[in-house]
Amino acid sequence: MGLFQKEDKKETLDQVQLERAIIRVLNEGKKEKFQEIIQALEKYEIASQYKELPRKRRSLFLEWLTIQDLTDLLRYLSKDEQLSVLERIGSDRSTELLHKMQNNDLAFLLTGLSRSKIDDLIAEMRREEMESILHIMDYPPKTAGRVMTNRYIPISPQISVIEAEQKLKTFENLAHFINYLYVVDDEQRLIGVVTFRDLLLADDHQLVSDIMRTEPIQVDVLTKQEDVAKLIGRYDFEAVPVTTDDHVLVGTISGDQVLDIVVREADEDIEMLLASGKSIDFRTKPFVAARRRLPWLILLLFIGLVSGSIISKFEETLNAVVALAFFMPMIAGMTGNTGTQSLAVVVRGLASEEMTWKKTLKLVVREMVVGVTIGITCGSLIAIIAYFWQGSMVLGFVVGISLLATLIIGTIAGTIIPLLLNKFNVDPAVASGPLITTLNDILSLLIYFGIATMFLEHLS
């Protein structure tokens, strides 16, 4: 443990020293020294250093970065940060930078902006690139068409292996993005795929049609991006082709892009589970963070008032047996906890599994068994505690049976709500932890005081 602490401390010191060195060379105007430092950093480290800089130093930092460094930098920034960078570097460098970006990354950046803002940003782009970007943005969000890139190499089945290799060399600027060569017919329909290994092992004079793999797995432009991620993970592809209904090749999605999708989806799910709804990190200003959290919390506040009205309806029961109040927080808290646990299990399962009716039924039944098991265990334990604490066997029974019922219902609610949302094509993460907890609070109080009222004459 001590070794890890020393390493963490050393890394922190190195980070601080690096930040100071960058600020110093910026202050002193030493551009060459600055670029030496930048060239020694990994891409994500450049983004990290930019985020840590004082705002007044950021413009010069960006000015001294090369266009390639700026392109790499944008990949590690949020959309708001990306737009800020484009504003800081001016229109000429912005246009050059947009030319370097992958069209799917650019489409993501432009999503949600006004039409006038989009036109301003892409006004200086070449016509074909502009049309490609706008075409991608016509596809619905979070579909394969929206996240695909058009940086791929189509080849004819009638050319030789040596000709295919020569064509590959002419596209050396795409080397970072190329995983496969895609074989298309005269109508640009996808008919096969060739890997680099296939080319290397084949005879130079063989035709591509002789070595290509026919009937390649492909995804439609309207396929959900989560389903694309599952497909690539299932088959361990480096990339997957994207086609239209009539199998015309229009783009590809690589493993790197899928990783970005998975991370983005995970971030969104966590934000929804926490009921923040929008990105909040260490650098978010206090009032901005508060504004982003408030809508959900205000809604939950009004829903939570229902709990107060329930207690007022059972005021006579509570006055008759004051000891019932001792167990209210425990029952409400336990019900919310078990519901949130089930929610987490279901959301995680939905992200990695194709849910059929059989799987759904199996999951619901399993969680019911889990709820019953937890309920019996915790209910029995609290019944014994209540009996010895308050000296009332009936009170122990009421508390124990209430906890049993509420834990079962809480578990089922945490399971069924996200499944229903998923069925109606709503992101199940919207069934956030605070929402499940609030609903379970209401149900648990109704059950607890309902059972207590039934046994009131034995409790008094």
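A brief report on the enclosed structure follows. Remember, predicted model here, so these are calculated numbers, not experimental data. (Residues numbered from 1 in each chain as written. Predicted model: local features only at pLDDT ≥ 70, side-chain atom pairs only at ≥ 80, totals over all residues. Heavy atoms only, no water.)

### Section: the overall build of the chain
Operational definition: Numbering of helices and strands runs from the N terminus; a helix is a DSSP stretch of H or I covering at least four residues, while a strand is a stretch of E covering at least two. Three exposure classes are used, based on accessible area relative to the maximum for each residue type with a 1.4 Å probe and protein chains only: buried under 20%, partly exposed in between, and exposed over 50%. It only takes one pair of heavy atoms within 4.5 Å for two residues to be counted as in contact. Throughout, the Shrake-Rupley method with a 1.4 Å probe supplies accessible areas, and for residues the shown protein chains are the sole cover considered.
Counting its regular elements, the chain contains 22 helices and 7 strands. Considering the chain as a whole, with its 460 residues, one finds that 41% of them fall into the buried category. In the chain, once contacts between residues fewer than 6 apart in sequence are set aside, the share between residues at least 24 apart is 68%. With the model as given, the accessible surface of the chain reaches about 25800 Å², and the carbon-plus-sulfur share is 59%.

### Section: the pairing of strand β3 (residues 190–195)
Basically, it comes down to this: Criterion used throughout: strands pair if DSSP finds at least two bridges between them.
The buried count for β3 comes to 5 of 6 residues, which makes it a mostly enclosed element. Pairing between strand β2 (residues 180–184) and β3: 5 bridges, direction antiparallel. Bridge assignment links Val 184 to a residue of β3, and that residue is Leu 190. Taking the residues that link successive antiparallel strands as the turn, the β2-β3 hairpin has 5 residues, and the phi of Gln 188 there is positive, at about 65 degrees. With 2 bridges joining them, β3 and strand β4 (residues 213–214) adopt antiparallel strand pairing. If you follow Gly 192 over to β4, its bridge partner there is Thr 214.

### Notes on the sheet that holds strand β5 (residues 219–220)
Within the open sheet, the 3 strands sit side by side as β5-β6-β7. Their pairing is mixed. The sheet is open, and its two edges are formed by β5 and β7 (249–254), each paired on a single side.

### Some words on a nonpolar patch on the surface
Convention followed: A residue counts toward a patch only above 30% relative accessible area and without a salt bridge, and it is joined to like-charged neighbours within 9 Å or, for Val, Leu, Ile, Met, Phe, Trp and Tyr, to nonpolar neighbours within 5 Å. Salt-bridge detection follows one rule: a side-chain nitrogen of Lys or Arg within 4 Å of a carboxyl oxygen of Asp or Glu.
Taken together, the side chains of Val 322, Phe 326, Leu 381, Ile 385 and Trp 389 define a hydrophobic patch exposed on the protein surface, amounting to about 530 Å² of accessible area. Tracing the backbone through its elements, the reader meets Phe 326 in the loop between α17 (315–320) and α18 (328–352). Given a relative accessible area of 43%, Phe 326 falls into the partly exposed group.

### Observations concerning the packing of helix α3 (residues 43–52) against helix α5 (residues 67–74)
Our working definition: Angles run from 0 to 180 degrees between N-to-C directions of axes, and those axes are lines fitted to C-alpha atoms, restricted for helices to the stretch in contact. Geometric relationships in this document are graded by angle, where less than 35 degrees denotes roughly parallel, more than 145 denotes roughly antiparallel, 65 to 115 denotes roughly perpendicular, and other angles denote oblique. Note that Gly is not counted as nonpolar here; it falls among the polar residues with everything else outside the nonpolar set of Ala, Val, Leu, Ile, Met, Phe, Trp, Tyr, Cys and Pro and the charged set of Asp, Glu, Lys and Arg.
At their nearest, the axes of α3 and α5 sit 8 Å apart, and the two run at 80 degrees to each other. Considered as vectors, α3 and α5 are oriented roughly perpendicular to each other. Contacts from Lys 43, Ile 46, Ala 47 and Tyr 50 in α3 reach Asp 69, Asp 72 and Leu 73 in α5. Residue composition of the contact of α3 with α5, grouped by class: 4 nonpolar, no polar and 3 charged.

### A closer look at the pattern of salt bridges
Applying the stated criterion across every chain yields a total of 6 salt bridges. Across the salt bridge formed by Glu 187 and Arg 189, the nearest N and O atoms sit 3.4 Å from each other. In this structure, the salt-bridge partner of Arg 366 is Glu 367, at a minimum N-O distance of 2.7 Å. Linked through salt bridges whose partners overlap, the residues forming this network are Asp 185, Glu 187 and Arg 189.

### Considerations on the packing of aromatic side chains
Two measures describe an aromatic ring pair: the distance that separates the ring centres and the angle between the ring planes. Put simply, the rule reads: Working definition: rings of Phe, Tyr and Trp (its six-membered ring) pair if their centres are within 6.5 Å, and the pair is stacked with planes under 30 degrees apart, edge-to-face with planes over 60 apart, and tilted otherwise. By definition here, charges over rings are those cases where NZ of Lys or CZ of Arg is within 6 Å of the ring centre and within 35 degrees of the ring normal.
This structure, assessed with the given rule, holds 11 aromatic pairs. When the ring of Tyr 50 is compared with that of Phe 61, the centres are 5.8 Å apart and the planes differ by 40 degrees; the resulting orientation is tilted. Taken as a pair, Tyr 50 in helix α3 and Phe 61 in helix α4 (residues 55–64) lie far apart in primary sequence, 11 residues in all. Across this residue pair, the class does not change: Tyr 50 and Phe 61 are buried. Considering the side-chain rings of Phe 397 and Phe 455, the 5.4 Å spacing of their centres and the 70 degrees angle between planes classify their relative orientation as edge-to-face. Within this pair, whereas Phe 397 is found in helix α20 (residues 393–423), its partner Phe 455 is found in the loop between α21 (433–454) and α22 (456–459), the two being separated by 58 residues in sequence. In textbook terms, an aromatic cluster arises when at least three aromatic residues are bridged by ring pairs, as seen for Phe 34, Tyr 50, Phe 61 and Trp 64. In this structure, Arg 58 is placed above the aromatic ring of Tyr 50, and the distance from its NZ or CZ to the ring centre is 5.0 Å. Directly above the ring of Tyr 76 sits Arg 75, whose terminal nitrogen or CZ lies 5.8 Å from the centroid.

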